[in-house]
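Structural features, examined
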Amino acid sequence: MWWLFLALLFALPVVSAELIIHEILYNPLGDDNNREFVEVFHNEASNLSSFIIADTASNDTLQTLQYLPGQFSLIVEEGFDFSSITNASVYSAGSTIGNGLSNDGETLTLYDPDGNLLASATYSNTLANGNGFSLEVVDGVWLESLLHNGTPGMANSAGIPAISPIPNVSNNSNATNASNPNKQDCTIHLSVQTDKLVYLNEEQVKILFDVTDESMPYSIEYWVEDLRGIIVKEKRNTSNTNAKYFTPEITESDKALQAKGKLYSECNNAGRREAESIFTVLNNATQIKNSTSFIVIKEILLEENSTAFGKQFEILLEIYKGDTRKSVVEVFVVNQDKQKVSDVSKFSAREKFTVYEISLPMQMKQGCNEGQHTLLAKGLDGIQEMPIFVEKGENCERTEKSEAVKEKQEEMEKPDTSPSLLRLVEGPSQAMVGKPFSVVVAIENPSDEARNFIVWSYIYRGSKSYSGEREGNKQETRVEAKSREEVELWNTVKDAKDGIYKIKVRALQERRKTPLEITNDISLSRPEELQEEEIPALQKAGEAEQENQVKVIPLEPVTGSIVLESKTNKLKRHMLLILLGLCFLTIVVLVMREK
């Protein structure tokens, strides 16, 4: 029956437990591909299959890779090696988590299959950015893990947070540590380094400390131990960062040791409080010939303690070439996307088993992306990196304006992954032609931000709108975060025959191209007074049609004054006058002849 129990567990993705986004590895040391993860903590065993994880650009549906009942679930990319994860469930988000965990910081959200928000977390790039550590939540505050590559599937190395009913965790370095409420809020990072990676036995080891904020009183406890935790240099305390020295004495042919430090300060420290640096000790000079090659970036020589795009600086390197045929060492600067932002300087180490101390020039390319970058020295089967701050170059004002416009446009085009809903609250199933009627709809906004909508409605059948312009009654409304807003829309159909039509309501969310919509049937009928008015209208139309027909009228004798007569009638009427005139002329002619 145990297999039936497991099958039921996989078939039930619904979670009633409280969830917290508990740990994030967003920028691991080296290549990010297939190594990023998001850890979820739940106070009850929960199956997250078919749940959705989203960032500001996209979302992914989780698929189960490994299910183990417990309090931890790990969300990973395809190809992630989870063979060592033995006490946590593992879910794949696809080729990337969201649009790829941003190295600049962003907000992650977790939804159940029905779209209900379960957990949300916002992180920045101020901690665990490419230094080999992860972000862990302690008392609602992001801290760097004390272990390299974090603690996937295990309790956080900085402590297990108390379960809170509010799953939203923000990166707030000013939060007060509840266990020490009298301490001042501050952030201090500790780092420990040695001046070399390989030493000969009884050669002096130089131990260097770095504290990011020395304005607050602090002390450092430091010691040296082997990889099994056996202390070879007793613990001591110091209140400064001056170099400390240690002379190893080993009996083995070689031994790996680590210089360790622990920071104590009068503040609620949100930074890295413990650090270590591993080095190797060789028992004799000939033993070094069997060791591997290494590269150490000893110093970056900058003008005015900074460099800028378009400028040049120098790098001091210590290079040891062991038993390898490779000889070329390349040095260059990359940005957070691993793209080269400088020219490549090269050095050829030709002699085996030889230590080189060299200085190389580094020419920065033109650019405006001011911020933390990484100096890389690679070759001879090894790689060394060091953070470097690069200021923006000259003539960047125009570029910055262009980038600002582009960023604003991209921000406006970012999809909002939490869907809004449009619901019908009240609407008629029938209406009268010529009389206004209304429909009431509700817009629900489940996101954490307010949203603007344009809402409108219209009556149509086929491709024709019978209520005027389709957007003639549109309204603008604002729906606050996690709330609902009702909108009333009025329509009037001025002219339509009796019958069944469609009423459509649409709501277009700001920065969206596709509107939400509701479509229902509505019966339209004409009022009785309009039907009565149609009868006399038809009668008039019939009379007009009769008037337009050709009428045949019988001819009657014309009486009264003559208006128009033919030439023949005129000739007959004047013939007597013509004859009398001719007779008169004949008589006159005869009288004239007799005289």
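So, a few notes on the structure that sits alongside this text. (Residues numbered from 1 in each chain as written. Predicted model: local features only at pLDDT ≥ 70, side-chain atom pairs only at ≥ 80, totals over all residues. Heavy atoms only, no water.)

A few points about the overall build of the chain
A tally of helices and strands in the chain yields four helices and 39 strands. Considering the chain as a whole, with its 595 residues, one finds that 39% of them fall into the buried category. On the chain, roughly 34,800 Å² of surface is accessible, and the fraction owed to carbon and sulfur atoms is 50%. (Helix = DSSP H or I, 4+ residues; strand = E, 2+ residues; numbered from the N terminus. Buried < 20%, exposed > 50% of the residue type's maximum accessible area, 1.4 Å probe, protein only. Areas by Shrake-Rupley, 256 points an atom, 1.4 Å probe, with all protein chains shown as cover.)

A few points about the pairing of strand E29 (residues 371-379)
Burial runs high along E29: seven of the nine residues are buried. Here E29 hands over to strand E30 (residues 382-391) after two residues, with Leu-380 in that stretch at a positive phi of 55°. (Pairing = 2+ DSSP bridges.)

Some words on the sheet that holds strand E16 (residues 205-211)
Judged by pairing direction, the sheet is antiparallel, and its three strands sit side by side in the order E14-E16-E19 without closing on themselves. The sheet is open, and its two edges are formed by strand E14 (190-194) and strand E19 (244-246), each paired on a single side. Taken over all neighbouring pairs, the strand axes of this sheet differ in orientation by 25° on average, direction set aside. (Axes fitted to C-alpha atoms, helices over the stretch in contact; angles between N-to-C directions.)

Quick word on the sheet that holds strand E20 (residues 254-265)
An order of E15-E22-E20-E17-E18 is seen for the five strands of this open sheet, with the pairing classed as mixed. A single partner strand is all that each edge strand has here, and the edge strands are strand E15 (198-200) and strand E18 (231-238). With direction set aside, neighbouring strand axes in the sheet form an average angle of 25°. Looking at chain direction, E15 and strand E22 (residues 274-282) are connected through three bridges and run parallel. Bridging from a neighbouring strand, Leu-200 pairs with Leu-282 of E22.

Considering the pattern of salt bridges
Scanning all chains against the criterion turns up 21 salt bridges. Measuring nitrogen to oxygen at the nearest pair gives 3.6 Å for the salt bridge that ties Arg-228 to Asp-226. Across the pair Glu-252 and Lys-255 runs a salt bridge whose closest N-O atoms are separated by 3.7 Å. Accessibility expressed as a relative area gives 17% for Lys-255, which makes it buried. (Salt bridge = Lys/Arg side-chain N within 4 Å of Asp/Glu carboxyl O.)

Brief notes about the packing of aromatic side chains
Here the structure, examined in full by the defined rule, presents nine aromatic pairs. Residues Phe-294 and Tyr-320 carry aromatic rings whose centres are separated by 5.5 Å and whose planes lie at 25° to one another, so their mutual orientation is stacked. Here Phe-294 is found in strand E23 (residues 294-301), whereas its partner Tyr-320 is found in strand E25 (residues 312-321), with 26 residues between them in sequence. Here Tyr-320 falls in the buried class, since its relative accessible area comes to 1%. Above the plane of the ring of Phe-332 lies Lys-340, whose end atom (NZ or CZ) is 4.7 Å from the centre. If you follow Arg-461 out to its NZ or CZ, it ends over the ring of Tyr-501, 4.0 Å from the centre. (Phe/Tyr/Trp six-rings, centres within 6.5 Å; stacked < 30°, edge-to-face > 60°. Lys NZ or Arg CZ within 6 Å of the ring centre and 35° of its normal.)

Here we look at the environment of Gly-98
If you trace the backbone, Gly-98 turns up in the loop between strand E7 (89-92) and strand E8 (105-111). Counting along the chain gives ten residues from Gly-98 to Leu-108, while the straight-line C-alpha distance between them is 8.5 Å. Apart from the residues within four sequence positions on either side, Gly-98 is in contact with Asp-55, Ser-58 and Asp-60. (Contact = heavy atoms within 4.5 Å.)

Points about the environment of Gly-130
Following the sequence through the fold, Gly-130 ends up in the loop between strand E9 (117-124) and strand E10 (135-138). The class for Gly-130 is buried, based on a relative accessible area of 18%. Taking the C-alpha atoms as reference points, Gly-130 and Tyr-26, 104 residues apart in sequence, are found 8.4 Å from one another. Apart from residues no more than four positions distant in its own chain, Gly-130 is found in contact with Asn-27, Pro-28, Leu-29 and Glu-385.

Quick word on a nonpolar patch on the surface
On the surface, Met-575, Ile-578, Leu-579, Leu-582, Phe-584, Leu-585, Val-588 and Met-592 cluster together into a nonpolar patch covering about 790 Å² of accessible area. Tracing the chain through its elements places Ile-578 in helix H4 (residues 567-594). (Patch = residues over 30% accessible without salt bridge, like charges linked within 9 Å, V, L, I, M, F, W, Y side chains within 5 Å.)

Describing the side chain of Asn-445
Looking at the element boundaries, Asn-445 is found in strand E33 (residues 437-445). Here the side chain of Asn-445 touches Arg-451 through a polar contact of 3.4 Å, side chain to side chain. If we skip the residues at most four places from it in the chain, Asn-445 touches Ser-420, Ala-450, Arg-451, Val-479, Glu-480, Ala-481, Lys-482 and Ser-483. (Polar contact = N/O pair within 3.5 Å; in protein donor to acceptor, adjacent residues only side chain to side chain.)

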